[in-house]
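Examining the three-dimensional arrangement
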Amino acid sequence: MKRKSHGLAFFLIVMIFGVQTMFAQTRNLMPVPQQVEWQKGKVRVDSSFTVQVKGHPHPRLYKAVGRMIHRLAGRSGLFLPQSFFDPQETICHPNLLVTVKRPAAIQLNEDESYTLTVANSQIQLQAETDLGAMHGLETLLQLLSADTEGYYFPQVKINDAPRFPWRGLLIDACRHFMPMEVIKRNLDGMAAVKLNVLHWHLSEDQGFRVECKTYPRLHQLGSDGNYYTQEQIKEIIAYAADRGIRVIPEFDLPGHATSWLVGYPELASAPGPYKIERNWGVFNPTFNPTIEATYTFLDGFFKEMAALFPDAYIHIGGDENNGKQWNANPQIQLFMKTHHLEDNHALQSYFNNRLLKILTKYGKKMVGWDEILHKDMPTNIVIQSWRGRDSMIKAAQQGYQTILSNGYYIDLIQPTDYHYLNDPAPQDLPVTPDQRSLILGGEATMWAEMVSPETVDSRIWPRTAAIAERLWSAGEVRDVDDMYRRLETVSFHLEELGLTHEKNYDMLLRRLTGNRNISALKTLVDVIEPVRIYNRNRLRKQFAYTPLTRVVDAARPDAAVARKFRKQVDNYVAAKNSNLELEEQIRLQLQLWADNDGNLQPIIDVSPVLFEIRQLSQNLSAVARIGLEALTYRKNPKVRPSNWAQKSLVILEQAAKPQAQTNLMIVSAVKKLAGVGEN
Ligand code: ACM
């Protein structure tokens, strides 16, 4: 691992922790284990590689070993018969011996620790539970290396356990329905980076996604036919459990509730009828918390769902209730008066308390978004912080268990390092040690307004791997450059699980060009990103039926080519133009971009879906030409025309504006090269 400016910090960390090997080399490990002691030597892997499992694991581990061997074979081309793993088979001297003390329960706070020793005599993986063993198998796969002689594992001793027990990914299957294979391949990705909670967002204004036998109009009228049958739900829960992942369903109440009310309008706070929502945003339809019919209905509903979902926790949403229907309903206003409920928040807490009784009756604990935090709520509920990390701190200070999602909103297209450096519990958090222990972890949130099954992986991965590291690894693991270096490898390995974040890129570009040569389009899209935060909908109103196949959809968050270019320019400028090799790399890159518009416009001409990027393509080339001129003038300021900076700035500022709901991500670097404007 390269350490430059962080040299002193690194030295201090080593001094403080006294673990000389802690960060000595992270290689391709993500999340970075708690302790790593690298040793000299390589343990060769060939087709005689065998595995044995001893002890008392849950049988899920045998399937996991089979999958690991299958992936090992897939990477190495070795013919490994134990891909069909038979735990009964006697192996005299297994190359990998896995020993597990007891079967795990798939529940919060289960032991997930493991030790992995790669030595020439044998590779030994030891764990209290099969969960730890499965994490160790993922670590081992990340260790696989190659040289001119073949494949090998480096000799190493690893001692590992998670920093936080709740490490989740929310998948919104409502705004756009996510078929079974999407959920499954993402569960595989989660397991690969040691995430352990799938938060499955299953009801929304735009869709109700679970078959409900007690109230069948929920899925029949609220889903456009896109829902999971109960057999499918069980299949996903089993698939997740096989990978050590808990499944927590979210049924969003009392707001975000249009799809429930399509079939059951009598439960709403205003007369219906209701239709499935096709817009994005916050809408009025809200359950009526003042009528007993609501609680009778929810009792029947949660009785059924509590039996379907085995986890101890159920998420009841609770977010973004705009209160408009409540304000307009005289009967609700009267109820508030007679029950001394001073505002809508108090009324919602009344509702939540009624809901809590129902969940408790069916053996479940409540999780909800931070709006459920209220003085009337008991502390045996979990607060999920999304509007600001303050709510997480406040929750912990008031004695609630809490999880952080603020800062992990991967739908907002922010760069990986932003999420990565967002620590749920940094040293300076204003909490006592007891309060600190109430911070259970965090969840990345994949809200699905702007993603389809084709693009969702590209918003989840690879950035979620960095969030997974934040939630697993020591807080001191914060080297952004090293994270990005490892992320590239992790991202590539995630593809072997069927994730489509890389391979669908070319496919989407091909579709945009009508199956023409995609290289010029790729050169452009490599350096643009979808606009961040909620700006896509602001720049051009989007609907549930908006196609998610446009340039903005092919474009990816944290565009790597642009990020690397910005880094090169930073380094070049910092070295005061003296690095000639870097200068040449920058020049070649700029030249490619300067020429690109000439190659791309003929493709745009015959691809109407691309008309919207004409200006964007021109901008890339114009910006690149300024960059090339800047390289010349940096060396030879005398030949620089007097109005060049001013003229260039106008072009650069224009190019910095969004086009086709995307941003060109090299403009700031070219401004820096040109020495103009703010960057
Ligand atoms: C949320 O993003 N409305 C929880």
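For the chain, the count of helices and strands is 26 helices and 19 strands. Relative to the 2.2 N^0.38 estimate, which gives 26 Å for 679 residues, the radius of gyration of the chain is 27 Å and therefore close to what a compact globule would have. Here the chain, with 679 residues, has 58% of them falling under the buried criterion. Considering only contacts in the chain between residues 6 or more positions apart, those separated by 24 or more positions represent 74%. Just so you have it, the chain exposes about 27,200 Å², and 53% of that area is on carbon and sulfur atoms.

Following the criterion strictly, the structure yields 29 aromatic pairs and no others. For the pair Trp166 and Tyr313, a centre-to-centre distance of 5.4 Å together with 80° between the ring planes defines the contact as edge-to-face. Placement of Trp166 in strand E8 (residues 166-172) and of Tyr313 in strand E13 (residues 313-317) is noted, with a sequence separation of 147 residues between them. For Tyr313, a relative accessible area of 5% gives the class buried. Here a set of aromatic residues connected by ring pairs shows up, and it is made of Phe208, Tyr215, Phe251, Trp260, Tyr264, Phe287, Phe297, Phe301, Phe302 and Phe309. Here Arg246 stacks its cationic end above the ring of Trp166, 4.5 Å away from the centre of that ring. For Arg563, the ring lying beneath its charged end belongs to Tyr484, and the centroid distance is 3.6 Å.

In this section: the sheet that holds strand E12 (residues 246-253). Within the closed barrel, the eight strands sit side by side as E8-E9-E12-E13-E14-E15-E16-E17. Their pairing is parallel. When strand polarity is set aside, the average angle formed by the axes of neighbouring strands in this sheet is 25°. Note: strand E9 (residues 197-201) against E12, five bridges, orientation parallel. Paired with Leu198 across the bridge in E12 is Val247.

What follows covers the pairing of strand E5 (residues 123-129). Here strand E3 (residues 96-102) runs beside E5; their pairing, made up of six bridges, is parallel. In the strand pairing of E5, Leu97 is matched with Gln124. Examined bridge by bridge, strand E4 (residues 114-118) and E5 share five bridges and lie antiparallel to one another. Paired with Thr115 across the bridge in E5 is Gln126. Counting the residues between successive antiparallel strands, the hairpin from E4 to E5 contains four residues.

Here we take up the nonpolar core. Core analysis: the biggest nonpolar cluster contains 101 residues, and Trp200, Phe251, Trp260 and Phe302 have the highest contact counts within it. If sequence neighbours within four positions are ignored, Trp260 has contacts with Ser203, Phe208, Leu218, Phe251, Asp252, Leu253, Phe287, Phe297, Leu298 and Phe301. Among the nonpolar cores identified, the runner-up in size contains 52 residues, and Ile518, Ile586, Ile603 and Leu610 belong to it.

Right, let's talk about helix H8 (residues 292-308) for a bit. Counted at 1.5 Å a residue, the expected span for H8 with its 17 residues is 24 Å, and the 24 Å between its end C-alpha atoms agrees. Of all 17 residues in H8, 12 are buried; the element is thus mostly enclosed. Buried residues of H8: Thr294, Tyr295, Phe297, Leu298, Asp299, Gly300, Phe301, Phe302, Glu304, Met305, Ala306 and Leu308, and no others.

Here we take up the pattern of salt bridges. According to the stated counting rule, one finds 46 salt bridges in the structure shown. In this structure, Arg163 and Asp423 form a salt bridge, with 3.0 Å as the shortest nitrogen-oxygen distance. Separated by 260 residues along the polypeptide, Arg163 in the loop between strand E7 (150-160) and E8 and Asp423 in the loop between helix H13 (416-420) and helix H14 (433-436) bring together distant segments of the chain. Since its relative accessible area comes to 6%, Asp423 is described here as buried. Linking Asp311 and Arg246 is a salt bridge whose minimum nitrogen-to-oxygen distance equals 2.8 Å.

Below, the discussion takes up the packing of helix H23 (residues 580-605) against helix H24 (residues 614-635). Running from N to C, H23 and H24 cross one another at 155°; their axes reach a closest spacing of 8 Å. Comparing their axes, H24 and H23 come out roughly antiparallel. Judged by the sense of rotation from one axis to the other, the crossing of H23 with H24 is left-handed. Looking at the contact of H23 with H24 residue by residue, the classes come out as 11 nonpolar, seven polar and eight charged.

Attention shifts here to unusual backbone geometry. For the bond running from Leu253 to Pro254, omega is -5°, close enough to zero to count as cis. Following the sequence through the fold, Pro254 ends up in the loop between E12 and helix H7 (258-263). In this chain, Trp461 is followed by Pro462 through a cis amide linkage whose omega measures 0°. A positive phi angle, close to 75°, is found at Asn109, a residue other than glycine. Note that Asn109 resides in the loop between E3 and E4. Phi is positive for Asn577, close to 65°, though the residue is something other than glycine. Mapping Asn577 onto the fold places it in the loop between helix H22 (560-574) and H23.

If you trace the backbone, Arg185 turns up in helix H4 (residues 180-192). A polar side-chain atom of Arg185 sits 2.9 Å from the main-chain carbonyl oxygen of Pro453. Look past the residues within four positions of Arg185 in its chain and what remains in contact with it is Pro453, Val456, Asp457, Leu497, Gly498, Leu499 and Thr500.

Packing of H22 against H23 leaves a shortest axis separation of 10 Å and a crossing angle of 140°. Comparing their axes, H23 and H22 come out oblique. Considering only the axes of H22 and H23, their crossing is left-handed. Judged by residue contacts, Val561, Phe565, Gln568, Val569, Asn571 and Tyr572 of H22 engage Leu582, Glu583, Gln585, Ile586, Gln589, Leu590 and Trp593 from H23. Within the contact of H22 with H23, the residues separate by chemical class into eight nonpolar, four polar and one charged.

On average, residues of the chain score 96 in pLDDT, and 96% of them reach the 70 mark or higher. Here residues 1-23 scores under 50 on pLDDT; set against residues more than four positions off or in separate chains, the count is 26 contacts.

Let us now look at the state of the cysteines. Per the counting criterion, the structure on display carries zero disulfides. For Cys174, which is in no disulfide, the shortest distance to another cysteine sulfur is to Cys212 and amounts to 14 Å. Using a relative accessible area of 0% as the deciding quantity, one classes Cys174 as buried.

It is worth spelling out helix H3 (residues 130-143) at this point. Across its 14 residues, H3 extends 20 Å between first and last C-alpha, which sits within 8% of the 20 Å expected from 1.5 Å per residue. H3 sits mainly inside the fold: 14 of its 14 residues count as buried. Where H3 starts, the residue carrying a side-chain oxygen 3.1 Å from the main-chain nitrogen of Leu131 turns out to be Thr129.

Here we come to the pairing of E3. With five bridges joining them, strand E2 (residues 51-55) and E3 adopt parallel strand pairing. Following the sheet pairing, Lys54 is matched in E3 by Thr99. Viewed along the sheet, the connection from E2 through helix H2 (residues 60-76) into E3 turns out left-handed.

Cut-offs and rules
Residues numbered from 1 in each chain as written. Predicted model: local features only at pLDDT ≥ 70, side-chain atom pairs only at ≥ 80, totals over all residues. Heavy atoms only, no water. Helix = DSSP H or I, 4+ residues; strand = E, 2+ residues; numbered from the N terminus. Rg over C-alpha atoms; globule rule 2.2 N^0.38 Å. Buried < 20%, exposed > 50% of the residue type's maximum accessible area, 1.4 Å probe, protein only. Contact = heavy atoms within 4.5 Å. Areas by Shrake-Rupley, 256 points an atom, 1.4 Å probe, with all protein chains shown as cover. Phe/Tyr/Trp six-rings, centres within 6.5 Å; stacked < 30°, edge-to-face > 60°. Lys NZ or Arg CZ within 6 Å of the ring centre and 35° of its normal. Pairing = 2+ DSSP bridges. Axes fitted to C-alpha atoms, helices over the stretch in contact; angles between N-to-C directions. Core = buried A, V, L, I, M, F, W, Y, C linked by side-chain atoms within 4.5 Å. Expected span 1.5 Å × (residues − 1). Salt bridge = Lys/Arg side-chain N within 4 Å of Asp/Glu carboxyl O. Parallel < 35°, antiparallel > 145°, perpendicular 65-115°, else oblique. Left-handed = near helix turned anticlockwise from the far one by under 90°. Nonpolar A, V, L, I, M, F, W, Y, C, P; charged D, E, K, R; others polar. Polar contact = N/O pair within 3.5 Å; in protein donor to acceptor, adjacent residues only side chain to side chain. pLDDT = per-residue confidence, 0-100. Disulfide = S-S within 2.5 Å. Right-handed = clockwise from strand over helix to strand, strands pointing away.

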